[in-house]
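So the chains spell out like this:
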Amino acid sequence: MRRPTARPSSSTEELRPIPSGLHFLLAEDGAVNQAVFMGLLASRGHEVSAVEDGQQAIDAWRKGKFDAIFMDVQMPLLDGLEATRMIREQEQTLGGSRIPIIAITAGALDSDQEQCFAAGMDEYLTKPIDVEELDRILAQLHPGAPSETATPASADATDNPPTRHSDSINLSTPLARLKCSAEQHRQLVSTLGQELRQRLNEISQALETHSDKLLVRASHSLKSAAALFEANRVVNIAAAIEQHARAGASAHARSRFPELREATAEILVVIDQWLNEP
């Protein structure tokens, strides 16, 4: 695969050949982002096997036959960069073909991209996922594979009535961004509520046990999940906590936690109300 320095723009109305019938390994520990990727890839006719950390990704790669790996950069136990380095080293030792590895990251800076390429990754996707960018990468992965045609959003996705949301969160975002069905949309919102509660508990645990590593991972995952639904206040506070944790400034991170807990509780109320509507 070619590493692009500039990505071509495209229209959602353009019809493009997208290869189908591929088998992907997805390494992603965030429940919301895992559900997004699995839904997008499955809807395009692909098989997806999912794992939650870098070591599991290496183990699955050794045992399975995959056309490519979608690798989250930040995961527990072993991150995506180190997992990629280890896969590339083993490819050199064992011989055989080089598997394409696509980075998944919330970082959008050129330095983030270069770090991924230096580790041996071939392509780069930022979160929240851009569907057109995903389709561009899929089209590059296997030009000779059987293909389907990427079409504009279906009536099921675009004709839904606007989803009620507050100023703190936009629950309708996945309908436009991901072109998902009503059933997929409801499942994503439910998954978001579950992950927000899980990550908030992990942040509390990390502060109590003075674990900067857990604090970085939990705040990063919470930020990434909330970003898909434009929960900007939660995203900004979680990003600040993550930044403090990376700098070892646990006191500053702790000072922002009550604000994060309040902002997250506010959007959880909106989520629960929406899920309970007939």
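Computed from a predicted structure; not experimentally measured. (Residues numbered from 1 in each chain as written. Predicted model: local features only at pLDDT ≥ 70, side-chain atom pairs only at ≥ 80, totals over all residues. Heavy atoms only, no water.)

*Asks:* Talk me through the nonpolar core; I want residue IDs and the actual numbers.
*Replies:* Residues Phe 37, Phe 70, Leu 134, Ile 169, Phe 229, Leu 260 and Ile 271 are the most contacted members of the largest nonpolar core, which totals 57 residues. Take this core: its biggest share by element is 10 residues, from helix H11 (residues 250–276). Those residues in contact with Phe 37 that sit more than four places away from it in its chain are Leu 26, Phe 70, Ile 104, Leu 125, Ile 129 and Leu 134. Ranked by size, the runner-up nonpolar core spans 23 residues in total, among them Leu 25, Trp 61, Ile 99 and Ala 103. (Core = buried A, V, L, I, M, F, W, Y, C linked by side-chain atoms within 4.5 Å. Buried < 20%, exposed > 50% of the residue type's maximum accessible area, 1.4 Å probe, protein only. Helix = DSSP H or I, 4+ residues; strand = E, 2+ residues; numbered from the N terminus. Contact = heavy atoms within 4.5 Å.)

*Asks:* Mind laying out unusual backbone geometry, listing which residues take part and the relevant values?
*Replies:* With omega at -5°, the peptide bond leading from Lys 127 into Pro 128 counts as cis. Tracing the chain through its elements places Pro 128 in the loop between strand S6 (123–126) and helix H5 (131–141). Look at His 210: it is not a glycine, yet its phi comes out positive at around 60°. The residue His 210 is located in the loop between helix H8 (182–209) and helix H9 (212–228) in this model.

*Asks:* Account for the packing of aromatic side chains, with residues named and values stated.
*Replies:* Summed over the entire model, instances satisfying the criterion amount to two aromatic pairs. Measuring from centroid to centroid gives 5.2 Å for Phe 24 and Phe 70, while their planes differ by 75°, and the two rings are edge-to-face. On the criterion of sequence distance, the pair formed by Phe 24 in strand S2 (residues 23–27) and Phe 70 in strand S4 (residues 68–72) is long-range, its members being 46 residues apart. A single burial state applies to Phe 24 and to Phe 70, both of which are buried. With centroids separated by 5.6 Å and ring planes inclined at 45°, the aromatic side chains of Phe 37 and Phe 70 adopt a geometry described as tilted. Highlighted residues: Phe 37 in helix H1 (residues 31–43) and Phe 70 in strand S4, separated in sequence by 33 residues. For Phe 70, a relative accessible area of 0% gives the class buried. Feature note: the residues Phe 24, Phe 37 and Phe 70 constitute an aromatic cluster, connected by ring pairs. Note that Arg 186 overlies the ring of Trp 274, its terminal NZ or CZ placed 5.7 Å from the centroid. (Phe/Tyr/Trp six-rings, centres within 6.5 Å; stacked < 30°, edge-to-face > 60°. Lys NZ or Arg CZ within 6 Å of the ring centre and 35° of its normal.)

*Asks:* Tell me about the pairing of strand S5 (residues 101–105), and name the residues and values.
*Replies:* Among the five residues in S5, five count as buried, and that is most of the element. Going residue by residue along S5, you find Ile 101, Ala 103 and Thr 105 tucked away on one face and Ile 102 and Ile 104 tucked away on the opposite face as well. Inspection of the sheet shows S4 paired to S5 by four bridges, in the parallel sense. Bridge assignment links Asp 72 to a residue of S5, and that residue is Ile 104. Handedness of the crossover is the feature at issue here: the chain leaves S4, passes through helix H3 (residues 80–94), returns alongside S5, and the resulting connection is right-handed. (Pairing = 2+ DSSP bridges. Right-handed = clockwise from strand over helix to strand, strands pointing away.)

*Asks:* Please provide a residue-by-residue account of the side chain of Thr 84, values included.
*Replies:* Its location among the elements puts Thr 84 in helix H3. In this structure Thr 84 comes out as buried when scored by relative accessible area, which is 0%. The residues touching Thr 84, leaving out its near neighbours within four places in the chain, are Met 71, Ile 101, Ala 119, Gly 120 and Met 121.

*Asks:* A description of the packing of H9 against helix H10 (residues 232–246) should follow, citing residues and the corresponding values.
*Replies:* In the contact formed by H9 and H10, the axes pass within 8 Å of each other and the chain directions differ by 160°. Here H9 is positioned roughly antiparallel relative to H10, judged by the angle of their axes. Like other packed secondary-structure pairs, H9 and H10 cross with a definite hand, here left-handed. Between H9 and H10, the contacting residues are Asp 212, Leu 215, Val 216, Ser 219, His 220, Leu 222, Lys 223, Ala 226 and Ala 227 on the first element and Val 234, Val 235, Ala 238, Ala 239, Ile 241, Glu 242, Ala 245 and Arg 246 on the second. (Axes fitted to C-alpha atoms, helices over the stretch in contact; angles between N-to-C directions. Parallel < 35°, antiparallel > 145°, perpendicular 65-115°, else oblique. Left-handed = near helix turned anticlockwise from the far one by under 90°.)

*Asks:* Lay out empty space enclosed by the protein with the relevant residues and their values.
*Replies:* Under the counting rule described, the total for this entry stands at one cavity of 30 Å³ or more. With three residues, H9 is the largest single contributor of residues to the lining of the largest cavity. For the lining of the largest cavity, the per-class residue count stands at no nonpolar, five polar and five charged. (1 Å grid on protein atoms, 1.4 Å probe; cavity = no way out; pocket = protein on both sides within 12 Å on 5 of 7 lines; lining within 4 Å. Points joined across faces, edges and corners; volume = space filled by probe spheres on them. Nonpolar A, V, L, I, M, F, W, Y, C, P; charged D, E, K, R; others polar.)

*Asks:* Go over the sheet that holds S4, please, and point to the residues and values.
*Replies:* Read across the open sheet, the five strands follow the order S3-S2-S4-S5-S6; overall the sheet is parallel. Since the sheet does not close on itself, it has two edges, and those belong to strand S3 (47–51) and S6, each with one partner. Looking at each pair of strands side by side, their axes are set apart by 20° on average, direction ignored. In the packing of H5 onto the sheet, the strands contacted are S2, S4, S5 and S6, and the crossing angle to S6 comes to about 160°.

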